[in-house]
Amino acid sequence: MKWMGRCPDCGEWNTLQESRIQESGITFAGGSADSLQAPSPLALPDIPSEPSRRIVLENAELNRVLGGGIVPGSGILVGGDPGIGKSTLLIQTAAEVASKAGQVLYVSAEESAYQIGQRASRLGLDEDRLLILADTILEQILEQIGKVKPSLVIVDSVQAIHSGASASAAGSVSQVRDCSAHLLRQARQLNIPLFLVGHVTKEGAIAGPRVLEHMVDAVLQMEGERFHAYRLLHSVKNRFGSTNEVGVFEMTERGMAPVANPSAMFLAERLPNAAGSAIAVPLEGSRPLLVEVQALASPTAFSQPRRTVNGIDFNRLLLVTAVLSKRLGLSLGTQDVFVNVIGGLRIGEPAADLAVAAAICSSYRNVPVAAEVALIGEIGLSGELRSVSQLALRLHEAAKLGFGRAIVPRHALRGKGARSGQNGADDSGKRGSSDIPSEIEVFGARTVADALDAALLK
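Cut-offs applied
Residues numbered from 1 in each chain as written. Predicted model: local features only at pLDDT ≥ 70, side-chain atom pairs only at ≥ 80, totals over all residues. Heavy atoms only, no water. Helix = DSSP H or I, 4+ residues; strand = E, 2+ residues; numbered from the N terminus. Buried < 20%, exposed > 50% of the residue type's maximum accessible area, 1.4 Å probe, protein only. Lys, Arg positive; Asp, Glu negative; His and termini not counted. Charge placed at Lys NZ, Arg CZ, Asp CG, Glu CD. Pairing = 2+ DSSP bridges. Core = buried A, V, L, I, M, F, W, Y, C linked by side-chain atoms within 4.5 Å. Contact = heavy atoms within 4.5 Å. Expected span 1.5 Å × (residues − 1). Arc of directions from axis to C-beta. Salt bridge = Lys/Arg side-chain N within 4 Å of Asp/Glu carboxyl O. Axes fitted to C-alpha atoms, helices over the stretch in contact; angles between N-to-C directions.

### What to know about the overall build of the chain
In terms of helices and strands, the chain carries 11 helices and 22 strands. In terms of overall dimensions, the chain has a C-alpha envelope of 85 × 60 × 45 Å along the principal axes. By residue count, 49% of the 458 residues in the chain fall in the buried class. Across the chain, 44 positive and 47 negative side-chain charges occur, with their mean positions spaced 6 Å apart.

Given below as structure tokens:
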């Protein structure tokens with residue numbers, strides 16, 4: 001970019017010489033990139049209407065997130081924090097696919113074959129059709145894919161591989177973009193499903209260019225607290241299924257085990273009738289979960305009270321405490337407030353506001369919330385309760401786990417025939433027919449004060 005007459009290393013003058021770097025061609029199955037068969041345009045009526053036959057997995061949670069199984073020729077990007085369980089879940093999936101559909105190629109660009117073998121031995125995996133390739137050079141990886149033609153390819157991770165066609169370092173924007181493009185092109189040409197493992201940034205987003213998420217067919221994000229056993233697999237993008245699905249796993253000594261009934265596990269160690277504890281029913285995708293929200297209000301020793309939160313948005317906590325102070329007269333300005341969602345789960349929707357308010361009020365007054373009550377509702381700044389989506393689905397989940405009462409916004413019960421108010425009748429005075437389960441008593445509250453009066457034990 002500028003004239004240089006002196007070498008910055010040896011200090012000699014007039015020793016710099018210009019040289020041109022010849023880019024090497026990318027090698028695919030059967031030769032160079034130009035040897036791949038170019039697709040021909042198809043008329044709209046000639047496009048096959050039959051979808052590709054999915055590889056259905058025994059792992060019901062992963063099947064749910066993928067939309068019913070692995071689609072041949074698809075590209076799937078899996079992201080998550082280091083040590084969260086991405087490689088463990090994928091090598092378990094690779095062993096299952098190898099036993100069903102044929103050879104699977106697991107490309108490890110960060111670990112040696114010995115390390116992968118030790119992990120497989122610890123997980124009890126002994127599948128001879130699962131092939132391990134420890135390599136970081138793109139051209140050699142593409143050559144092996146073309147030779148083996150496996151039923152599934154897993155690359156762990158895409159930021160660790162590099163191509164000789166680019167002079168940039170592995171993990172750079174150009175390397176990640178180009179390597180991913182070549183891998184996806186060959187996978188689609190050979191109709192092989194491809195899993196790519198991606199690194200994440202400090203903020204939790206997938207590292208590298210954003211175009212990487214546009215290139216693949218599905219983006220799965222694994223979340224969870226490092227010191228908790230539960231993991232959540234979210235579908236951020238999915239061209240073959242819904243993005244509202246979430247899979248729940250438990251990290252065990254034998255790998256990632258799917259959790260069929262996560263609500264029961266989140267409530268397994270709950271202490272009934274304990275002050276400062278309430279049950280919320282948030283939605284994770286299309287699945288309702290029952291989780292325990294704990295709160296502790298204690299007199300502060302400082303001029304500025306502390307607000308500590310784990311599992312919910314900090315600004316939602318400030319909103320709830322402000323409403324409790326202004327509308328219910330609780331002196332929370334002199335109290336340190338701590339809120340925690342049990343199990344390492346993070347609640348991102350406002351439907352848990354009422355449970356958070358009940359837990360804080362219960363701890364402040366040292367009066368427990370009734371053990372059989374589930375609380376659902378968003379709190380407004382005027383102290384009113386606002387409706388939430390999928391109320392019937394949440395109530396069915398609460399009734400399935402044995403909860404006998406639920407406190408919900410009264411407006412959400414209009415036209416549903418559910419009970420509203422102290423007398424157990426709806427606005428028309430009749431029970432009526434609805435999709436709300438009859439096993440649970442539903443109380444419709446208009447304000448947060450009415451809801452807390454009904455929830456707290458007298």
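### Examining the pairing of strand β8 (residues 218-223)
Burial runs high along β8: 5 of the 6 residues are buried. With 5 bridges joining them, strand β3 (residues 75-80) and β8 adopt parallel strand pairing. Pairing of Leu77 across the sheet is with Val219, part of β8. Judged from the 6 bridges that link them, β8 and strand β9 (residues 230-238) form a sheet pairing that is antiparallel. Bridging from a neighbouring strand, Val219 pairs with Lys237 of β9. Linking two consecutive strands that pair antiparallel, namely β8 and β9, is a turn of 6 residues; a positive phi of about 155 degrees is found at Gly224 within it.

### A closer look at the nonpolar core
Counting 49 residues, the largest nonpolar core has Leu324, Val339, Ile360, Leu375, Ile407 and Val448 as its most contacted members. Tallying contributions element by element places helix α9 (residues 353-365) first for this core, with 8 residues. Excluding residues that lie within four positions of it along the chain, Ile407 makes contacts with Leu354, Val373, Ala374, Leu375, Ile376, Phe443, Ala445, Ala451, Ala454 and Ala455. In this structure, Leu62, Leu66, Val78 and Ile91 belong to the second largest nonpolar core, which totals 32 residues.

### Looking at helix α8 (residues 314-327)
Over its 14 residues, α8 runs 20 Å from end to end, which matches the ideal 20 Å to within 8%, given 1.5 Å per residue. Among the residues of α8, those classed as buried are Leu317, Val320, Thr321, Val323 and Leu324. Mapping the buried residues of α8 onto a view down its axis gives an arc of 160 degrees, with all of them on the same face. Pointing more than 90 degrees away from the buried face of α8 are the exposed residues Asn315 and Lys326. Where the residues of α8 are buried, they touch β16 (307-310), β17 (335-341), α9, β19 (378-379) and α11 (448-455). In the stretch just after α8, Gly329 is the one whose phi turns positive, near 75 degrees.

### Re the side chain of Gln92
Turning to its location among the elements, Gln92 is positioned in helix α2 (residues 86-101). For Gln92, a relative accessible area of 18% puts it in the buried group. Apart from residues lying up to four places away in sequence, Gln92 is in contact with Leu123, Leu125, Arg254, Gly255 and Met256.

### Looking at the pattern of salt bridges
A side chain of one charge can pair with a side chain of the opposite charge when the charged atoms of the two come close. A full pass over the atoms with the stated rule returns 14 salt bridges. For Asp178, the salt bridge is made with Arg177, and the minimal N-O distance between the two is 3.6 Å. Close ionic contact of Asp217 with Arg239 constitutes a salt bridge, the shortest N to O distance being 2.7 Å. Residue Asp217 is found in the loop between α6 (211-215) and β8, and its partner Arg239 is found in the loop between β9 and β10 (246-252); the two are separated by 22 residues along the sequence. Note on Asp217: relative accessible area 6%, which makes it buried. Judged by relative accessible area, which is 47%, Arg239 ranks as partly exposed. Within the structure, one salt-bridge network assembled from shared partners comprises Arg188, Asp217 and Arg239.

### Some points on the sheet that holds β8
With mixed pairing, 9 strands are arranged side by side in an open sheet as β5-β4-β6-β7-β3-β8-β9-β10-β11. Each edge of the open sheet carries a strand with a single partner, namely β5 (130-134) and β11 (255-258). Strand after strand, the sheet turns through a mean of 25 degrees between neighbouring axes, direction not considered. The pairing of β9 with β10 spans 5 bridges and is antiparallel. Counterpart to Tyr230 in the pairing with β10 is Glu250.

### So, the environment of Pro409
With respect to the helices, strands and loops of the structure, Pro409 is situated in strand β21 (residues 405-409). The spacing of Pro409 and Leu375 is 34 residues in sequence and 9.5 Å in space, taken between C-alpha atoms. When neighbours within four sequence positions are excluded, Pro409 is seen to be in contact with Ile376, Gly377, Leu385, Arg386, Ser387, Gly444 and Ala445.

### A word on unusual backbone geometry
In this model, Asp156 is joined to Ser157 through a cis peptide bond whose omega is 0 degrees. With respect to the secondary-structure elements, Ser157 resides in the loop between β6 (152-156) and α5 (173-189). Even without being a glycine, Asn14 presents a positive backbone phi close to 60 degrees. Considering the arrangement of structural elements, one finds Asn14 in the segment before β1 (27-28).

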